[in-house]
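# Per-entry structural report
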Amino acid sequence: MSDRHEHSHSHDHTPAHEHGPGHRHDREHRHGLRHRVGHLLAPHSHETADKVDSALESSARGMRALWVSLAVLGATALAQAAVVAVSGSVALLGDTVHNTADALTAVPLGIAFVLGRRAATRRFTYGYGRAEDLAGLVIVLTIAASAAFAAWTAVDRLLDPRPVQHVPAVAVAALVGFAGNEWVARYRMRVGRSIGSAALVADGLHARTDGFASLAVLLGAGGSALGWQLADPIVGLAITAAIALVLRDAAREVFRRVMDAVDPALVDRAERALTEVPGVRGVGELRLRWIGHRLRAEVAVVVDGDATVREAHRIAVDAEHALLHAVPRLTAALVHADPEPAPGESDPHLRLAHHTTA
């Protein structure tokens, strides 16, 4: 690779103002001047207040969602626990335990959001956004534990049937559980998708399943009212099955995030944006990855082999700018400019081949 065409650049940007075509020359001149001054003041670090504020706001919204959810689910679980104490319903007990576990998942997620606000260091050069993925794993383990407990209590009651007391109170508690969980589920998933948090979306799915589990408790209460003692533990097993289903969905979502999976549509969108940048003659390797609820990109673009370093740099900056506008929640991009190969010219990356082979 020719040194004068090599460009690696990583910026954090705010959206730029639009300009008409008649201002292109002036805009490029002003942009180049600002850019050179920026390099003198803070080389290769162009974080702006708007980007930082946006990132902090997303974490703040996540924190609000967590604490509001904790309050609602905590109140729901306390109300249900009082009914469990007087009724002896194992179906309601399983639902209560699951609601309690769901409320407590706010703790690891809250810690993750707080850590995510910390600045990058020389050890954690990408920051602490991955703490959110670790919180997602804790949530998955919590769901699994609550499923195991619900199954154990239901099987125990099947082996030793006992009548359920205060059936009307159990029915009311079930309705309260459904209402609280469904509200929390909608709220968590809406905020999670808005800020790009897979862990918060998984937590919302968890709460939604709890809501349907509460409705199952209502069915169990109806069976008990009709004198069918096995209705309560059978519903408890049904709740376990529902928890297992949400466990599968949540585990899949968190596993994909931990493995750096992204929606292929985002990759297509990024490629289209890059091909429309003036001076970009081809798009090479393109990678996207989540760090917490923020995206980063790494891409190689092909430019004119006779371009100067400054021209290649300008094209790379324009490419990064296009990516930041085209890809939602993308906060930084590393753009590498490769010269277009000339006839008979050897591959400039050949000397790196032995480093990339398995």
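Located above this text is the structure these notes cover.
Secondary structure assignment for the protein chain yields 11 helices and four strands. Put simply, the protein chain has 358 residues, and 44% of those count as buried. Here the analysis covers contacts within the protein chain between residues at least 6 apart in sequence; of these, 78% occur between residues at least 24 apart. As displayed, the protein chain has an accessible area near 18400 Å², and 61% of this comes from carbon and sulfur atoms.

Of all 10 residues making up strand S4 (residues 330-339), nine are buried, and the element is well covered by its neighbours. Here strand S3 (residues 294-303) pairs with S4 via nine bridges, running parallel. Of the residues in S4, the one forming a bridge with Ala300 is His336. The β-α-β motif built from S3, the intervening helix H10 (residues 309-326) and the parallel element S4 has right-handed crossover chirality.

On the surface, Leu134, Leu137, Phe255, Val258 and Met259 cluster together into a nonpolar patch covering about 500 Å² of accessible area. Where the nonpolar patch is concerned, the elements lending two or more residues are helix H5 (131-159) and helix H8 (231-258). Within the fold, Met259 resides in the loop between H8 and helix H9 (264-275).

A separate point is helix H6 (residues 167-195). Here H6 is 29 residues long and its end C-alpha atoms lie 42 Å apart, about the 42 Å a rise of 1.5 Å per residue gives. Directly beyond the C-terminal end of H6, a positive phi value near 80° is found at Gly196.

By the definition in use, this model includes two aromatic pairs. Measuring from centroid to centroid gives 4.8 Å for Phe124 and Tyr128, while their planes differ by 35°, and the two rings are tilted. We classify Phe124 as partly exposed; its relative accessible area is 40%. With 5.3 Å between their ring centres and 35° between their planes, Trp183 and Tyr187 make a pair best called tilted. Within this pair, Trp183 and its partner Tyr187 are both found in helix H6, separated by four residues, close to a single helical turn. Residue placement shows Arg118 over the ring face of Tyr128; its charged tip is 4.6 Å from the ring centre. If you follow Arg257 out to its NZ or CZ, it ends over the ring of Trp290, 4.2 Å from the centre.

Quick notes on the rules
Within each chain, residues carry numbers counting from 1 in the order of the written sequence. Side-chain atom pairs in this predicted model are given and counted only at pLDDT of 80 or more, local residue features only at pLDDT of at least 70, and totals for whole chains, interfaces and linings cover all residues. Side-chain measures were taken over the full set of non-hydrogen atoms in the model, leaving aside hydrogen atoms and water. Starting at the N terminus, helices and strands are each numbered in turn, a helix being any DSSP run of H or I of at least four residues and a strand any DSSP run of E of at least two. Only protein chains enter the accessibility calculation, which uses a 1.4 Å probe; a residue is then buried when its area is under 20% of its type maximum, exposed when over 50%, and partly exposed in between. In this analysis, two residues are considered to be in contact whenever any of their non-hydrogen atoms come within 4.5 Å of each other. The Shrake-Rupley method, run with a 1.4 Å probe sphere, supplies the accessible areas, and residue values consider only the shown protein chains as cover. Strands were regarded as paired on the criterion that DSSP finds at least two bridges between them. Handedness rule for crossovers: strands pointing away from the viewer, path from the first strand over the helix to the second running clockwise, crossover right-handed. Grouping into patches uses exposed residues only, defined as over 30% relative accessible area, and leaves out salt-bridged ones; the cut-off is 9 Å for like charges and 5 Å for nonpolar side chains (Val, Leu, Ile, Met, Phe, Trp, Tyr). When a carboxyl oxygen of Asp or Glu lies within 4 Å of a side-chain nitrogen of Lys or Arg, that pair is called a salt bridge. A helix is expected to span 1.5 Å for every residue after the first. The aromatic pairing rule takes the rings of Phe, Tyr and Trp, using the six-membered ring of Trp, and pairs them if the centres are within 6.5 Å, calling planes under 30 degrees apart stacked, those over 60 edge-to-face and the rest tilted. Two thresholds decide whether a charge sits over a ring: the Lys NZ or Arg CZ must be within 6 Å of the ring centre and within 35 degrees of the ring normal.

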